[in-house]
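Listed below, chain by chain, are the residues.
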Amino acid sequence: MATTSTRAAAIRGITSCVPARSFDNLNESTGFEKEEVEKVVRLAGVKTRRLATDNECSSDLCLAAARDVLGSLGWEPESVDALIMVTQSPDYFLPSTACLIHRDLRLADTCAAFDVGLGCSGYTYGLWLAAMMLQGSGFRRILLLHGETPARFASHSDRAVALLFGDAGSATALEAGGGDERRRWWFALHTDGAGYDDLIIEGGGFRDRFPADPQKYFVHMNGTGIFNFTIKRVPPLIESTLAAAGVGKDDVDYFIFHQSNLFIMRHLAKKCGLPEARIPFTIGEFGSTGGPSVPLTIAKGNLSRPADRPLQLLLLAYGVGLSWGSALVDLPQAAVLNHVQLPAADAASGGTTV
Amino acid sequence: MNTQDATKWIAELFQEPSASVTPDTPRDAVAAWDSLGELTLMADMDEKFGIVLTDTQLKAMHRVDDILQVLRDQGKLTD
């Protein structure tokens, strides 16, 4: 399947959430030489990052975001028909993180709740899944949660990742229909499993449950392999999505990139002829937060929103898997965009390992 | 672009004086040719020549001439 479309769902609100702890790459101790840090910051663009404490999980970030979006919209918990949690940093191998959040939000026992194990591409897959569910019968309201804590699985001695990652969660409230039945959302969803080891945590899963090498509990990233992948895959992803939808680049208000690395995003923008004015960057403030960087950038990217029409957004998500996807969706004028942060942790509730 | 111009371009890319970079210059003599330098090399190769370097090609590059050889193989050098 190259591209697909669904009946458009209605995005009622998006709330992003980050931990309270802000880490300044240039002015706090990282264990690396100052010149080296400056070089990485210049290239990757990550000035500050938000770091979860050792006790804060993706579920906590998504729960806070979900509470905010439900409250903002006045949605009663029992009105939510399904909860989709997209994450590769779950609380437990089992049960699903979605079940924990279902409990904490006091959702009804008629609510479907499940996890989707995707990372950087997860938001586009999650939106597609939610839209598919909403165009069938039965589901009216869906909460799509996407949260990751990549800073917690980055080795602090690995320069390739130590200065890059931040943690974030998000909640997107979607509703069926909401008007013109002819409106469509367009998606392109792709995979190349041959690159599975370009971004991987080798240890701790059932393939290698208790590795002798402790570094295997941390993420390993082949930076050049990932860059090769993005150069090859993202430009045709943009072209094929626009072609399938029958629209041009000028019809898109904003291109929302997965905030992988400033240098890479700028290279892609130049290569694809996209004006930077229509590409919001949040990586400088929040770091690379994995897949949740997409909803975080919608919420915190200072999007200019006209009062008389929805925004047309092309979401571009790519990375671990290797997996990549796009979503051409509209953001209604009335959609509520919020951003919250977790309360600061006290000393007794666990510090942040940096 | 000929070999001389390409060598000059590589020197500029890695912020080295032109005179200090020749095809025989080893990678470890070029300070900026580290993992971050590889990314800038990849980006420039893509932008200037439309060549997307693979991980295997990058790992096989030990001196400046290995970069030039990729350009030769792709018919990008005129001499």
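Structure's up top.
Residues numbered from 1 in each chain as written. Chains lettered and ligands numbered in written order. Predicted model: local features only at pLDDT ≥ 70, side-chain atom pairs only at ≥ 80, totals over all residues. Heavy atoms only, no water.

### Thoughts on the packing of helix 7 (residues 262-272) of chain A against helix 2 (residues 35-49) of chain B
Worth spelling out the cut-off: In this analysis an axis means a line fitted to C-alpha atoms, helices contributing only their contacting stretch, and an angle means the value between N-to-C directions, from 0 to 180 degrees. Note on conventions: DSSP H or I runs of at least 4 residues are helices, E runs of at least 2 residues are strands, and numbering of each starts at the N terminus. Here the angle decides the label: under 35 degrees means roughly parallel, over 145 means roughly antiparallel, 65 to 115 means roughly perpendicular, and every other value means oblique. Should any heavy atoms of two residues lie within 4.5 Å, those residues are counted as being in contact. Under the grouping applied here, Gly and all other residues not named as nonpolar or charged are polar, the nonpolar ones being Ala, Val, Leu, Ile, Met, Phe, Trp, Tyr, Cys and Pro and the charged ones Asp, Glu, Lys and Arg.
Taken N-terminus to C-terminus, the directions of helix 7 of chain A and helix 2 of chain B make an angle of 0 degrees; their axes are 11 Å apart at the nearest point. The pairing of helix 7 of chain A with helix 2 of chain B is recorded here as roughly parallel in orientation. On helix 2 of chain B, the residues that touch A:F263, A:H267, A:K270 and A:K271 of helix 7 of chain A are B:L39, B:T40, B:A43, B:D46 and B:E47. Its residues assigned to classes, the contact of helix 7 of chain A with helix 2 of chain B comprises 3 nonpolar, 2 polar and 4 charged.

### Points about the pattern of salt bridges
Spelled out, the test is: For salt bridges, the criterion is a side-chain nitrogen of Lys or Arg within 4 Å of an Asp or Glu carboxyl oxygen.
Inspection of every chain in the model, using the stated rule, returns 20 salt bridges over all chains. A salt bridge links B:D34 to A:K39, with the nearest nitrogen and oxygen atoms 2.8 Å apart. In this pair, B:D34 is assigned in the loop between helix 1 (3-13) and helix 2 and A:K39 in helix 1 (residues 34-44), connecting two distinct chains. When the shortest N-O distance is used, the salt bridge between A:R141 and A:E175 registers 2.9 Å.

### Some words on the interface of chain B and chain A
Note the cut-off: Accessible-area loss on putting two parts together, using a 1.4 Å probe and summing over both, is the definition of buried area adopted here. Distance and chemistry together define a polar contact, namely a pair of N or O atoms within 3.5 Å, with one atom able to donate a hydrogen and the other to accept it when in protein, and with adjacent residues in sequence counting only for side-chain atoms on both sides.
In this assembly, 16 residues from chain B lie in contact with 16 residues from chain A. Summing both partners gives a buried area of about 1400 Å² for chain B against chain A, and 62% of it is carried by carbon and sulfur. Taken as a group, B:L36, B:L39 and B:D46 account for 37% of the area that chain B buries against chain A, more than any other trio of residues on that side. Here chain B is connected to chain A by 3 salt bridges. Joining chain B to chain A, the criterion identifies 7 residue pairs in polar contact (both at pLDDT 80 or more). When contributions to the side of chain B that touches chain A are tallied by element, the ones reaching two or more residues are helix 2 and helix 3 (55-59) of chain B. The residue inventory of the side of chain B that touches chain A, partitioned by class, reads 8 nonpolar, 3 polar and 5 charged.

### Observations concerning empty space enclosed by the protein
Stated formally: Think of a 1 Å grid over just the protein atoms. A cavity is a set of points where a 1.4 Å probe fits yet cannot get out, a pocket is an open set with protein on both sides within 12 Å along at least five of seven lines, and lining residues have an atom within 4 Å of a point. Grid points are joined across faces, edges and corners, and a volume is the space filled by probe spheres set on the points.
The full count for this structure, using the stated rule, is 1 cavity of 30 Å³ or more. In this structure, the largest cavity is lined by A:R7, A:A8, A:A9, A:A131, A:L134, A:Q135, A:A176 and A:G177.

### Remarks on the sheet that holds strand 6 (residues 112-116) of chain A
Residue and element names in this part refer to chain A. Counted only if it meets this: Any two strands between which DSSP finds at least two bridges are classified as paired.
Taken together, 6 strands build an open sheet; the order of strands is 6-5-7-8-2-15 and the sheet is mixed. Two strands in the sheet have a free side with no partner beyond their single neighbour: strand 6 and strand 15 (336-341). Pairs of neighbouring strands in the sheet enclose a mean axial angle of 15 degrees, with direction left out of account. Pairing geometry for strand 7 (residues 141-148) and strand 8 (residues 168-175), over 8 bridges, is antiparallel. Each bridged residue has a counterpart across the sheet, and for L145 the counterpart in strand 8 is A171. In this fold helix 3 (residues 97-105) packs onto strand 5 (82-86), strand 6 and strand 7, with an angle of close to 130 degrees to the strand it touches most, strand 5. Against the sheet, helix 9 (residues 293-300) makes contact with strand 2 (10-18), strand 8 and strand 15, and its axis sits at roughly 100 degrees relative to strand 2, the strand it touches most.

### Here's the deal with a nonpolar patch on the surface
Note the threshold: Only residues whose relative accessible area exceeds 30% and that take part in no salt bridge are eligible for patches, with like-charged residues grouped when within 9 Å of each other and nonpolar side chains (Val, Leu, Ile, Met, Phe, Trp, Tyr) grouped when within 5 Å. Note that accessible areas follow from Shrake-Rupley with a 1.4 Å probe, and for residues the cover is restricted to the protein chains shown.
Judged by side-chain polarity, A:F93, A:L94 and A:F206 come together as a nonpolar surface patch covering roughly 430 Å² of accessible area. Looking at where A:L94 falls in the secondary structure, it is placed in the loop between strand 5 and helix 3.

### Focus on the environment of B:Q57
All names here are of chain B. So the rule is basically this: Three labels apply to residues, based on accessible area from a 1.4 Å probe with only protein chains included: buried if under 20% of the type maximum, exposed if over 50%, partly exposed otherwise in between.
In this fold, Q57 is placed in helix 3. A relative accessible area of 26% places Q57 in the partly exposed class. Considered as a pair, Q57 and M1 are 56 residues apart in the sequence and their alpha carbons are 21 Å apart. Among all residues touching Q57, those that are not within four sequence positions of it are V52 and V70.

### Topic: the pairing of strand 14 (residues 323-331) of chain A
Residues and elements named next belong to chain A. Most of strand 14 sits inside the fold, with 9 of its 9 residues counted as buried. Sheet analysis places strand 9 (residues 184-191) next to strand 14, joined by 6 bridges and oriented antiparallel. What sits directly across from A188, in strand 14, is S326. In terms of strand pairing, strand 13 (residues 311-319) meets strand 14 through 9 bridges, oriented antiparallel. Looking across to strand 14, one finds that L311 is bridged to L331. The turn joining strand 13 and strand 14, which pair antiparallel and follow one another in sequence, is formed by 3 residues; a positive phi near 145 degrees is taken by G321.

### Quick notes on the packing of helix 6 (residues 223-245) of chain A against helix 2 of chain B
The line we're drawing: For a crossing to be left-handed, the near helix must be turned anticlockwise from the far one by less than a right angle; the clockwise case is right-handed.
Look at helix 6 of chain A against helix 2 of chain B: their axes get within 10 Å of each other, and the N-to-C directions meet at 20 degrees. In terms of orientation, helix 6 of chain A and helix 2 of chain B fall into the roughly parallel class. Crossing angle aside, the handedness with which helix 6 of chain A passes helix 2 of chain B is right-handed. Note on element contacts: helix 2 of chain B touches helix 6 of chain A through B:E38, B:L39, B:M42, B:A43 and B:D46, opposite A:G223, A:T224, A:F227, A:N228 and A:I231. Each residue belonging to the contact of helix 6 of chain A with helix 2 of chain B can be placed in one class, and the counts come to 5 nonpolar, 3 polar and 2 charged.

### Examining the environment of A:D213
All names here are of chain A. Structurally, D213 is set in the loop between strand 10 (199-201) and strand 11 (219-221). Taking the relative accessible area as the measure of exposure, D213 reaches 37% and is therefore partly exposed. Expressed as a C-alpha distance, the spacing of D213 and Y125, which sit 88 residues apart in the sequence, is 33 Å.

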